[in-house]
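# Analysis of the macromolecular model
Here's the letter readout for the chains.
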Amino acid sequence: MKITVPHYYSRFQCVAGECPDTCCAGWQIMIDDASLKKYRKRRDPFGSRLKNSIDWENSAFRQYDGRCAFLDENNLCDIYSEAGPSMLCRTCRAYPRHIEEFEGVREISLSLSCPEAAKLILDCEEPVRFLSKETEKEETYPYFDFFLYTKLMDCRDFIISTLQNRELDWNLRTGIVLGLAHDLQRRIVNDRLYETDSLLERYGRKGAVGKLASRLLAYQIDGESRFDGMKELFGFFDELEVLNAGWPDYIGRIRKVLYGAGESAYETQRQEFYEFLEVSEKRRETWERWSEQLMVYFVFTWFCGAEYDERPYEKMKLAVVSTLLIRETAQALWKEQGGVLNKNVFFEAARRYSREVEHSDLNLERLETLFREEKVCGLDRLLSLVMG
Ligand code: SF4
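These lines cover the structure that appears in this document, whether it is placed above or below.

Here is what the cut-offs are and how they apply
Residues numbered from 1 in each chain as written. Predicted model: local features only at pLDDT ≥ 70, side-chain atom pairs only at ≥ 80, totals over all residues. Heavy atoms only, no water. Helix = DSSP H or I, 4+ residues; strand = E, 2+ residues; numbered from the N terminus. Rg over C-alpha atoms; globule rule 2.2 N^0.38 Å. Buried < 20%, exposed > 50% of the residue type's maximum accessible area, 1.4 Å probe, protein only. Contact = heavy atoms within 4.5 Å. Areas by Shrake-Rupley, 256 points an atom, 1.4 Å probe, with all protein chains shown as cover. Lys, Arg positive; Asp, Glu negative; His and termini not counted. Charge placed at Lys NZ, Arg CZ, Asp CG, Glu CD. Salt bridge = Lys/Arg side-chain N within 4 Å of Asp/Glu carboxyl O. Near = heavy atom within 4 Å. Nonpolar A, V, L, I, M, F, W, Y, C, P; charged D, E, K, R; others polar. Core = buried A, V, L, I, M, F, W, Y, C linked by side-chain atoms within 4.5 Å. Pairing = 2+ DSSP bridges. Axes fitted to C-alpha atoms, helices over the stretch in contact; angles between N-to-C directions. Expected span 1.5 Å × (residues − 1). Polar contact = N/O pair within 3.5 Å; in protein donor to acceptor, adjacent residues only side chain to side chain.

## A look at the overall build of the chain
Along the backbone of the chain there are 17 helices and 8 strands. Compactness check: the chain gives a C-alpha radius of gyration of 22 Å against a globular reference of 21 Å for 388 residues, within 12% of the reference. By principal-axis analysis of the C-alpha atoms, the chain measures approximately 70 × 50 × 35 Å. Going through the 388 residues of the chain one by one, you find that 54% of them count as buried. Considering only contacts in the chain between residues 6 or more positions apart, those separated by 24 or more positions represent 76%. With the model as given, the accessible surface of the chain reaches about 18700 Å², and the carbon-plus-sulfur share is 49%. Of the side-chain charges in the chain, 55 are positive and 66 negative, and the distance between the mean point of each set is 2 Å.

Right under this line is the structure:
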């Protein structure tokens, strides 16, 4: 089996009690069946505590004030310290690692929702590289569509290298890969997946980038459409399951700062924000780099999952819409802080988004439905928001 990880993966270290937003609070931690069995069998005093601190009906740890029943006052885990790491459930053992499995391949990424992982992902100055190694272990999947998977992998390689082309602005790189995912989806729907190679050849041809870029420039829109479009995208949060108790207030505040004073105030704020970014080359480059790392992160994590539902276009929309929402949230935080935006603020905006959206299958599915059904997520409208 081939195991693939981003190059910064081995640098991850949990800071446990020092963590500013421990993963053991604020959301429900689900327990896998094997761990539940192990907890049920435990016969010592710690076993009694396990029995009383698990919500057996919902297979989750009980919580007190939003904190896991096993989290002590120093933000350390009592299961880890009193029963040992082998007693941790699968979720706690794995987090913040996110695993995607395909036939013969396991891809492991770090989740943006963990503050230490977010630093590694977003503070990375160089383009991310992906490292692979072979292991002896092999697994087979009875219903695996290897042809689709290979085409998705080919497209993802192209998409990531386009997203890492720093000679182009972020919006052009993003517009190009959104267009590619759209064209790929059409081929899947029309049963013409075999045309993927010629599609990639067309996008990769000499001079293609220049032509695509000049077509994309036509998508730059006026302030009114942008105000309406972004406000609508923020409205998607109303349709999602709330995972963290503080989220509705936080995101409500962000929306108010951005859209509460109407369209012309929004446009003025946006112009001021972009003037702030343009003040120095370094600041602009950093903003572009953060946006690149977000896109690469979302694409690497989710794009090839289309092997299971044949919907790569929605996976790409997840990357694009998420990055747009995080960038816009950062603009609101810049405004709130009196015209200052440091990296910790940006990383925190990205982390909170990920923690609310990426850890709920319900939210991911709901978003994909909205991406399919809502006009604001049509190709033209999304390209306008990316280019605007
Ligand atoms: S969120 Fe990350 S750094 Fe914090 S306790 Fe969890 S794994 Fe450790």
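## Examining the pattern of salt bridges
In this structure the tally under the stated criterion is 28 salt bridges. In this structure, arginine 156 engages glutamate 107 in a salt bridge whose closest nitrogen and oxygen atoms are separated by 2.6 Å. Here the residue arginine 156 occupies a position in helix H6 (residues 146-163), and glutamate 107 occupies one in strand S7 (residues 105-110), the gap between them amounting to 49 residues. Accessibility classification places arginine 156 together with glutamate 107 in one group, the buried group. Between arginine 351 and glutamate 348 there is a salt bridge, with its nearest N and O atoms 2.9 Å apart. Taken together, the positions of arginine 351 and glutamate 348, both in helix H15 (residues 343-357) and 3 residues apart, correspond to about one turn of that helix. In this structure arginine 351 comes out as buried when scored by relative accessible area, which is 2%.

## Observations concerning the site of the ligand
Close to the ligand lie Cys14, Val15, Cys19, Asp21, Cys23, Tyr95, Pro96, Cys114, Pro115 and Glu116. When its residues are assigned to classes, the shell around the ligand shows 8 nonpolar, no polar and 2 charged.

## Observations regarding the nonpolar core
With 129 residues, the main nonpolar core has Phe61, Leu233 and Met316 as its most contacted residues. Tallying contributions element by element places helix H14 (residues 312-336) first for this core, with 13 residues. Other than its neighbours up to four places away in sequence, phenylalanine 61 contacts Ile29, Ile31, Tyr39, Ser53, Ile54, Cys68, Phe70, Ile79, Cys89 and Cys92.

## Quick notes on the pairing of strand S6 (residues 97-102)
As paired strands, S6 and S7 are joined by 6 bridges and run antiparallel to one another. Opposite glutamate 100, over in S7, you have glutamate 107 as the bridge partner. The antiparallel pairing of S6 with S7 creates a hairpin that spans 2 residues between the two strands, and glycine 104 there sits at a positive phi of about 80 degrees.

## A look at the sheet that holds S6
Spatially, the 4 strands line up as an open sheet ordered S6-S7-S1-S8, and their pairing is mixed. With one partner strand each, in any of the chains shown, S6 and strand S8 (130-134) form the two edges of the open sheet. Neighbour-to-neighbour, the strand axes of this sheet turn through a mean angle of 20 degrees, independent of strand direction.

## Overview of H6
Compared with an ideal rise of 1.5 Å per residue, which puts 18 residues at 26 Å, H6 spans 25 Å between its outermost C-alpha atoms and is within 8% of the ideal. Those residues of H6 that fall on the buried side of the exposure criterion are Leu148, Tyr149, Lys151, Leu152, Met153, Cys155, Arg156, Phe158, Ile159, Ile160, Thr162 and Leu163. Between the side-chain oxygen at the start of H6 and the backbone nitrogen of phenylalanine 147 there is a gap of 3.3 Å, and the oxygen is on aspartate 145.

Everything listed here is a matter of geometry and, on its own, says nothing about what the molecule does.
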